[in-house]
Amino acid sequence: MEVEIFSLADFAANTGNGKLTIVGTFDTLTTHQMPVLQMCSLVLKLRISNAHVGKHKVLLKFLDPEGREFMPSPNIDIEVLENQFTDYNAIPIVLNLHPMKLDKIGKYAIELYYDEEFHSGLKLMVIQSIPVQKAA
């Protein structure tokens, strides 16, 4: 299994026929106040060889800066069928996270497990901005 796309985006949709629409990918959020309630989508595109047809599990863990889970971990069951036209399958996955609540400043992580084995990680930085002072 190869991870082709693993990103947070302002909006994403699986439009069918192997096409994903992805708008506004990001890895940093700047905020004036906490908590942050972020409307976003998590986008995955997995490339799985025909040699690995069958049922598989994808697990995502959402970890805060202390390494604690801050959202439920979705378990995604996929079934890979043999692709007669090429030697792999491209599996698109879009999760709409509405809203994703971030309570702390720091580095968040989203971990991707495939068949209970860690495969990839995605980082999200939450930064506190300094309010701009208006000139008198």
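Residues numbered from 1 in each chain as written. Predicted model: local features only at pLDDT ≥ 70, side-chain atom pairs only at ≥ 80, totals over all residues. Heavy atoms only, no water.

**Student:** Please set out the confidence of the model for the protein chain residue by residue, giving values where relevant.
**Tutor:** For the protein chain, the average pLDDT comes to 93, and 97% of its residues sit at 70 or higher. Ranking the elements of the protein chain by mean pLDDT puts strand β7 (residues 88-102) last with 93 and strand β8 (residues 106-114) first with 98. (pLDDT = per-residue confidence, 0-100. Helix = DSSP H or I, 4+ residues; strand = E, 2+ residues; numbered from the N terminus.)

**Student:** How would you summarise the packing of aromatic side chains if you had to cite specific residues and measurements?
**Tutor:** Under the counting rule described, the total for this entry stands at three aromatic pairs. Of the aromatic side chains, those joined through ring pairs into one cluster are F62, F70 and Y108. The ring of Y88 has R47 sitting right over it, with the charged end atom 3.8 Å from the ring centre. (Phe/Tyr/Trp six-rings, centres within 6.5 Å; stacked < 30°, edge-to-face > 60°. Lys NZ or Arg CZ within 6 Å of the ring centre and 35° of its normal.)

**Student:** Which residues make up the pattern of salt bridges, and what values do they have?
**Tutor:** Applying the stated criterion across every chain, the model contains six salt bridges. A salt bridge links R47 to E4; the nearest nitrogen and oxygen atoms lie 2.3 Å apart. Note that R47 is positioned in strand β4 (residues 36-49) and E4 in strand β1 (residues 2-16), a separation of 43 residues in sequence. The class for R47 is partly exposed, based on a relative accessible area of 27%. Among the salt bridges present, the one from D64 reaches K104, with a minimum N-O distance of 2.9 Å. Here the residue D64 occupies a position in the loop between β5 (54-63) and β6 (75-80), and K104 occupies one in the loop between β7 and β8, the gap between them amounting to 40 residues. For D64, a relative accessible area of 9% corresponds to the buried category. Given the relative accessible area of 28%, K104 is considered partly exposed. (Salt bridge = Lys/Arg side-chain N within 4 Å of Asp/Glu carboxyl O. Buried < 20%, exposed > 50% of the residue type's maximum accessible area, 1.4 Å probe, protein only.)

**Student:** Explain the environment of L97 to me, and be specific about the residues and the numbers.
**Tutor:** In this fold, L97 is placed in strand β7. For L97, a relative accessible area of 7% puts it in the buried group. Along the chain, L97 and D10 lie 87 residues apart, while their C-alpha atoms are 10.0 Å from each other. Discounting chain neighbours no more than four positions away, the residues touching L97 are L8, Q38, M39, C40, S41, L42, F62 and M71. (Contact = heavy atoms within 4.5 Å.)

**Student:** Which residues make up the sheet that holds β8, and what values go with them?
**Tutor:** One open sheet accounts for five strands, arranged β3-β9-β8-β5-β6; its pairing is mixed. Pairing within the sheet leaves two strands with one partner each, and these edge strands are β3 (28-31) and β6. Within the sheet, the average angular offset between the axes of one strand and its neighbour, ignoring direction, is 20°. (Pairing = 2+ DSSP bridges. Axes fitted to C-alpha atoms, helices over the stretch in contact; angles between N-to-C directions.)

**Student:** Explain the sheet that holds β7 to me, and be specific about the residues and the numbers.
**Tutor:** Spatially, the four strands line up as an open sheet ordered β2-β1-β4-β7, and their pairing is antiparallel. The open sheet has two edge strands with one neighbour each: β2 (19-26) and β7. Ignoring strand direction, the axes of neighbouring strands in this sheet form an average angle of 50°. Sheet topology places β1 next to β4; seven bridges connect them, and they run antiparallel.

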